[in-house]
Amino acid sequence: MSNTWNRNIYRQEQEAFVSGHGGTTSREVIYAIMPSICSILLTKTAIGLLEQVIHKNIRVIIEFALIVIPCILCCTVLSDYVITVCCAMIIISIINILLLGINFDVISTYSMRPDNDKRPFITNFRAFTNLITAICILAIDFHIFPRKFAKTELFGYSLMDAGVGLFIFANALVAPEAKDFAHKPRIGFFHTISKNIKHSARSCIPLLILGFGRSVAIEVLGYQKHVTEYGIHWNFFITLAFVKLFTSSITSTINSKYSLLSGIWILGMHEYVLSTKGLKEWVLSSRPRNDFISANREGVISVPGYVGLYLVSVAVGRLIHSTYQNSHAQDLLLHRHKTFHIKLFGYEFDTHYNQSMILCIKLSIISQQTCAATLFCDAYFGVSRRLANAGYCMWILTLGVVVLTLLLMIEIICDILIHATIDSKLNQKQTKTCKMNVKSKRDSVPDKCEKNTNKNIIEIFEAVNYNGLFFFLLSNLMTGAINMLVRTLYLSHLKALLILIAYMAVNILSVLLLYRKQVQIKL
């Protein structure tokens, strides 16, 4: 009886510990994310420097030490020193770049990125979203996690509020609708929509099983829950299932090239209904939760907002993929590439294939527009994760596009500097057949050059993306297990950090082994 009573008291303490917070500023959220972005540049430059002398397992350890551990530290004990950490990472990255090119005073022609469907900056963004979400869902249960980053109760910005929004944004970037530019023959309206709904319903069943299974497990185990997050029974998996079902139905009836207009219209109507029909006050109130809808009002009411966010994010994905596709088509038509000359740190580079640079400008313009929309919505409607209102969705779009832009800039820097230097070293040490040529770029590339290009990926990110939903599910299970076994509220900072590092190591090692065995778990 005493143990049960103590467990109930501790559960109430945990629920109070993660509830009732007001968040922070949008600037501080971006500051919290910046070290993780800078760590990608640091990791790529460090691996470029050590590429020839390290084993692939040592390389993974370096990736973990330079990406995951700094992310854990900057979300916890170093949260007040993120600018200093960023500056240190950038300085070390510049030193690495200088060391890469030492004693190799050469002229190199390098094509920035081969043509394929895989965009490394999107891969990095999706994995980065998964990693920081996995860290936060456990870190919030420790005192080392700043309360300003915890989920907001009513309105405001916080790091954890961004998790579900960025997850939906990241999925939309690689959705089939974002990549499909082919002309579709007209088929019967009802045949098309019924076929798509059936297919979506089947693919949503695993997510619904996971969602309601999680709710049952929480009740059976007596695990703490933050009711105002989604509701009593609702959770992220159920939201994901309904968003998938509704977006599939919409894109089966309305061409995906109109996804921007569809998303804006849905967000506008969602905000209108929230503001004029009393739903906003009802969701944010403390009224009784005496039936399924009222018990899960946050989850139910937020679905239209996430659907609108997904559709607008699909439009961003279409912009990204069309930029590369159009550039590829023009190059094939004109049989030539745009080239410009760069001289940097005493090295000369002839760089072409600059659609990444054009895209960087486009994304910068979009981020300015979404930032203006966020400020407008914040002034008139507020930013609320519980409602998934227009202000929240515009903020997620701003945050997502800004991070994408920064990751693309890092990719451009690495492509121009690191790849060119490494290719030059191979040119000197190996054969002339591995030499990059502007006119023969579209031709087949020798195996050694191709392998060298592929080595620039971050294997941890590839592994996380290969089993993204499984990684998130495993993180949730590990979080639950740790909370059941350890009283996280009473641990010292050092023990909390060690648990977080071990937890992330197990999660990443699990998906890394699956990735190397090419085993993909589809949920």
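Check the entry above for the structure.
All of these numbers come straight from a predicted model, not from anything done at the bench.

Rules used in this analysis
Residues numbered from 1 in each chain as written. Predicted model: local features only at pLDDT ≥ 70, side-chain atom pairs only at ≥ 80, totals over all residues. Heavy atoms only, no water. Helix = DSSP H or I, 4+ residues; strand = E, 2+ residues; numbered from the N terminus. Buried < 20%, exposed > 50% of the residue type's maximum accessible area, 1.4 Å probe, protein only. Contact = heavy atoms within 4.5 Å. Expected span 1.5 Å × (residues − 1). Polar contact = N/O pair within 3.5 Å; in protein donor to acceptor, adjacent residues only side chain to side chain. Axes fitted to C-alpha atoms, helices over the stretch in contact; angles between N-to-C directions. Parallel < 35°, antiparallel > 145°, perpendicular 65-115°, else oblique. Nonpolar A, V, L, I, M, F, W, Y, C, P; charged D, E, K, R; others polar.

1. Thoughts on the environment of leucine 66
Reasoning step 1: Topologically, leucine 66 is positioned in helix H3 (residues 56-74).
Reasoning step 2: Leucine 66 gets classed as partly exposed once you look at its relative accessible area, which sits at 22%.
Reasoning step 3: For the pair leucine 66 and serine 36, spaced 30 residues apart in sequence, the C-alpha to C-alpha distance is 9.0 Å.
Reasoning step 4: Once residues within four sequence positions are removed from consideration, leucine 66 is found in contact with Ser39, Leu42, Thr43, Ala46 and Met89.

2. Here we look at helix H20 (residues 493-516)
Reasoning step 1: End to end, H20 covers 34 Å across 24 residues, agreeing with the expected 34 Å (1.5 Å per residue, within 8%).
Reasoning step 2: Taken together, the buried positions of H20 are occupied by Ala496, Leu497, Leu500, Tyr503, Met504, Asn507, Ile508, Val511, Leu512, Leu514 and Tyr515.
Reasoning step 3: The secondary structure elements touched by the buried residues of H20 are H3, helix H5 (120-139), helix H18 (459-466) and helix H19 (468-485).
Reasoning step 4: Positive phi appears at glutamine 518, one or two residues downstream of H20, with a value of about 55 degrees.

3. Structural notes on the side chain of threonine 479
Reasoning step 1: Note that threonine 479 resides in helix H19.
Reasoning step 2: A distance of 2.7 Å separates a polar side-chain atom of threonine 479 from the backbone oxygen of serine 475.
Reasoning step 3: Excluding residues that lie within four positions of it along the chain, threonine 479 makes contacts with Ile137, Leu138, Asp141, Tyr223 and Tyr503.

4. A few points about the packing of helix H10 (residues 236-253) against H19
Axes are the key here: two packed helices are described by the angle between their axes and the distance separating the axes.
Reasoning step 1: Packing of H10 against H19 leaves a shortest axis separation of 12 Å and a crossing angle of 155 degrees. By the angle class used here, H10 and H19 are roughly antiparallel. Across the interface between the two elements, Phe236, Phe237 and Leu240 from H10 touch Leu469, Phe472, Leu473 and Asn476 from H19.
Reasoning step 2: For the contact of H10 with H19, a count of residues per class yields six nonpolar, one polar and no charged.

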